[in-house]
Amino acid sequence: MFKIPFLDLPPLRAAAGTVRLPGSKSISNRVLLLAGLSEGQTLVHDLLDSDDTAVMLASLKQLGCVLEQVEGGPLKVTGIGAKLQTNAAKLFLGNAGTAMRPLTAALALLAATQGGEFELSGVARMHERPIGDLVDALRGLGCEVACLGNEGYPPLRLSGPSELKLSEPVRVRGDVSSQFLTALLLALPLVAEQDIHIDVVGELISKPYIHITLELLKRFGIEVKREGWQRFTIPAGSRYRSPGEIHVEGDASSASYFVALGAIAATGQPIRIEGVGSASLQGDVRFVEAAEAMGAVVRAEANAVEVKRGAWPLRALDLDCNHIPDAAMTLAVMALYADGPSTLRNIASWRVKETDRIVAMATELRKLGAQVEEGPDWLRVHPLRDWQPAAIHTYDDHRVAMCFSLAAFNGLVTASPVPVRILEPQCVAKTFPDYFETLFEVVSARPEDIPVITIDGPTASGKGTLADVVAHELGYIVLDSGALYRATGLAARRAGVELDEAEAVAAIAAKLDLHFAKGRVWLGDEDITDALREEASGLAASQVAAHAPVRAALNQLQLDFRCLPGLVADGRDMGSMVFPDAPLKVFLTASAATRAERRHKQLISKGIPANIAGLREDLEARDARDKGRTASPLQAAADARRLDNSAQTIEESRDLVLSWWAEARPFKGSALSH
Ligand SMILES: Nc1ncnc2c1ncn2[C@@H]1O[C@H](COP(=O)(O)OP(=O)(O)OP(=O)(O)O)[C@@H](O)[C@H]1O
Ligand SMILES: Nc1ccn([C@@H]2O[C@H](COP(=O)(O)O)[C@@H](O)[C@H]2O)c(=O)n1
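The following refers to the structure shown.

Conventions used here
- Residues numbered from 1 in each chain as written.
- Chains lettered and ligands numbered in written order.
- Predicted model: local features only at pLDDT ≥ 70, side-chain atom pairs only at ≥ 80, totals over all residues.
- Heavy atoms only, no water.
- Salt bridge = Lys/Arg side-chain N within 4 Å of Asp/Glu carboxyl O.
- Phe/Tyr/Trp six-rings, centres within 6.5 Å; stacked < 30°, edge-to-face > 60°.
- Buried < 20%, exposed > 50% of the residue type's maximum accessible area, 1.4 Å probe, protein only.
- Lys NZ or Arg CZ within 6 Å of the ring centre and 35° of its normal.
- Near = heavy atom within 4 Å.
- Polar contact = N/O pair within 3.5 Å; in protein donor to acceptor, adjacent residues only side chain to side chain.
- Areas by Shrake-Rupley, 256 points an atom, 1.4 Å probe, with all protein chains shown as cover.
- Helix = DSSP H or I, 4+ residues; strand = E, 2+ residues; numbered from the N terminus.
- Nonpolar A, V, L, I, M, F, W, Y, C, P; charged D, E, K, R; others polar.
- Pairing = 2+ DSSP bridges.
- Axes fitted to C-alpha atoms, helices over the stretch in contact; angles between N-to-C directions.

**A word on the pattern of salt bridges**
Summed over all chains, the structure comprises 46 salt bridges. In this structure, D356 and R351 form a salt bridge, with 2.9 Å as the shortest nitrogen-oxygen distance. In this structure, E374 and R366 form a salt bridge, with 3.0 Å as the shortest nitrogen-oxygen distance. By sharing partners, the salt bridges in this structure join K25, D52, D326, K353, E354, R357, D397, R399 and K430 into a single network.

Listed below in structure tokens is the structure:
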């Protein structure tokens, strides 16, 4: 996951490949609650690992459920069998509506029948998300529910015992959020000594989510009777029965980003999305119909879909989105690539989600330059040709972050493509922690559009250290080009090749079987990380690096590091020769005395004996050879910014380079501003 202040997406061009979706959030949290309320054990396969499931799991644990993660396999949940194991708990539910609403209903009923006191709270936004309709329904049943802040909003206190009135139908509004009805359906079997009727007041929205609830209840032994979408009956004697094991489908709302990706950018091979398909329980799977209406070519299997671009530009659409409330946000960004204005209707529920999504989408689309109109429950988005570089505020809303990544394909409709900055990208942890990593596996950009920062300079000036910390802040990949020369020297020695035999060493360089993984360097099956850092390896590297054929042999390998979302490359000729088009080049120096001292400390801290005078001699000899050679000598590129860090801390150098980077990027004045 990218835990950084912002992630810049360079202009993207194409998409192809296979994506395996994480488990559905809606199904994961419903299954966890049902398994937690059942008697006995349930093995839950393919559970979503995210912020929202984490708060549900933590709550179940506090309530006495036993959770055991089978290594590399399912989660084993031992439920409480509808009997309270503790009669007091304070539960923190973050911003997870799928945890707050059903736990409220279940604990209110358990407190009423078995006694106890439970407090449920969340993050500030959760305390702004209405729950009054559920509170009213529970109070109507005889539960004691107190709103501890504002009436109708969490935090809540649920206490008991109290007498329940189950003979009258429970009335609940269905026109603001279907989660209130879901909460009651999931919880009322706890007290179903007689038939319990639920009457929905108003037109029920998001019916597909109720369908998921009913199907999962069935899997746990509860057959709810339904009369249209207005009356539901929980039969007397209903009891949760664990199905033993259950598989969680992939998240259909998360699939929407990749379906859209296929529609926009899969012009050759399709995007294959595994985890949802025509057999899916989730309503959001019908997003594919909307994508087809916009021009996507879709082939569905029971548990997978493949999507390619059809019509281009996409066809504008006018759609009632009540059946796909979450996935419909993706349509708002697809609309930028359409042949006319697109209107999304019946999306009032967006206003009470993680943020007011109508306001959020309109505001951020306008930042890109789009013309957007909005109403109480609708949004109209016009196609965009003149794109502006924008820093997209994500409002701690995973779906805003994920759907705006699609704006990075603007190069397909404009001759002046722009990058897209996603602020606080870690908000995707709510449902899809590795969303951006997954995206980067199936999209491609032109190499020249992938940003590179080069850091060149003499030995021990701190290039590698600076490259690491800068890359960390930006979420970029690092190329330690010196390691390639060091590995070549090592491999040549091992092969018994003299280091001054240019062609023979170049042949070794061309066949280097080198891998970088988790901070370690592997030559074939051997971990050579420590061997590479020995001073002897540095000296050997500087000898082989003087040969033009060796440099030529390593050139493509270095260029191949230019990967999404960007690269920080350190060495001697990164800015001058290998990446001459890098938008920021740094030439890093420090006095020889400082460098010798730093290298001394570095070696001693690793338990490698060293003496400062000898080290200084070695590094000066190495610098002289690197500067004096004819092939790509160590020198600052003409357009490099010079930085002497002799008197700077690593953090000071990092911040200076990041400020230069901010100057070089097109997000003027918007770096981190919302
Ligand atoms: N201000 C500073 N900036 C960068 N590194 C520093 C700084 N102060 C101390 N150091 C230390 O200097 C040592 C040498 O840094 P580093 O290995 O990054 O240099 P380098 O230029 O990449 O060396 P080489 O060219 O040999 O690979 C490290 O231990 C690093 O922590
Ligand atoms: N781009 C580069 C990088 C390195 N070299 C040579 O390799 C030696 C070792 O590099 P380190 O950065 O790991 O110390 C270095 O002395 C150079 O001779 C190079 O030529 N070009």
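More follows now that the structure is in view.
**Some words on the packing of aromatic side chains**
Within this structure, the stated rule accounts for 11 aromatic pairs. Seen in terms of ring centroids, W229 and F232 are 6.5 Å apart; in terms of plane orientation they differ by 55°. Their pairing is tilted. Taking relative accessible area as the criterion, W229 reaches 24% and is therefore assigned partly exposed. For F232, a relative accessible area of 0% corresponds to the buried category. These aromatic residues form a ring-pair network of at least three members: Y257, F258, F432, Y435 and F436. A cation sits over an aromatic face here: R421 above F6, 3.7 Å from the ring centre.

**What about the site of ligand 1?**
Residues in close proximity to ligand 1 total 19 residues, the closest being K463, G464, T465, R599 and Q648. Take G462: an N or O atom from its main chain is 3.0 Å from an oxygen atom of ligand 1. Note that an oxygen atom of ligand 1 is positioned 3.5 Å from one of the side-chain N or O atoms of R486. In isolation ligand 1 offers 630 Å² of accessible surface; the protein chains occlude 84% of this area. Among the secondary structure elements, those contributing two or more residues to the shell around ligand 1 are α13 (463-474) and α20 (592-605). The residue inventory of the shell around ligand 1, partitioned by class, reads 3 nonpolar, 9 polar and 7 charged.

**Examining the site of ligand 2**
R486, R551, R622, D626 and R629 are the nearest of the 16 residues found near ligand 2. R551 is positioned with one of its side-chain polar atoms (N or O) 2.8 Å from an oxygen atom of ligand 2. Contact with the protein chains hides 98% of the accessible area of ligand 2, taken as 450 Å² for the molecule alone. Looking at the shell around ligand 2, the elements that each hand over two or more residues are α14 (481-494), α17 (535-544) and α21 (612-628). Here the element with the most residues in the shell around ligand 2 is α14; it accounts for 4 residues. For the shell around ligand 2, a count of residues per class yields 4 nonpolar, 4 polar and 8 charged.

**Considering the sheet that holds strand β15 (residues 245-247)**
Taken together, the 4 strands give an open sheet; going across it, the order is β5-β6-β4-β15, and neighbouring strands pair in mixed fashion. Each end of this open sheet is capped by a strand with a single partner; those strands are β5 (66-69) and β15. Across the sheet, the mean angle separating the axes of adjacent strands is 20° when strand polarity is ignored. For strand β4 (residues 41-45) and β15, the ladder comprises 3 bridges, and the chain directions are parallel. Within β15, the residue paired with L43 across the bridge is E245.

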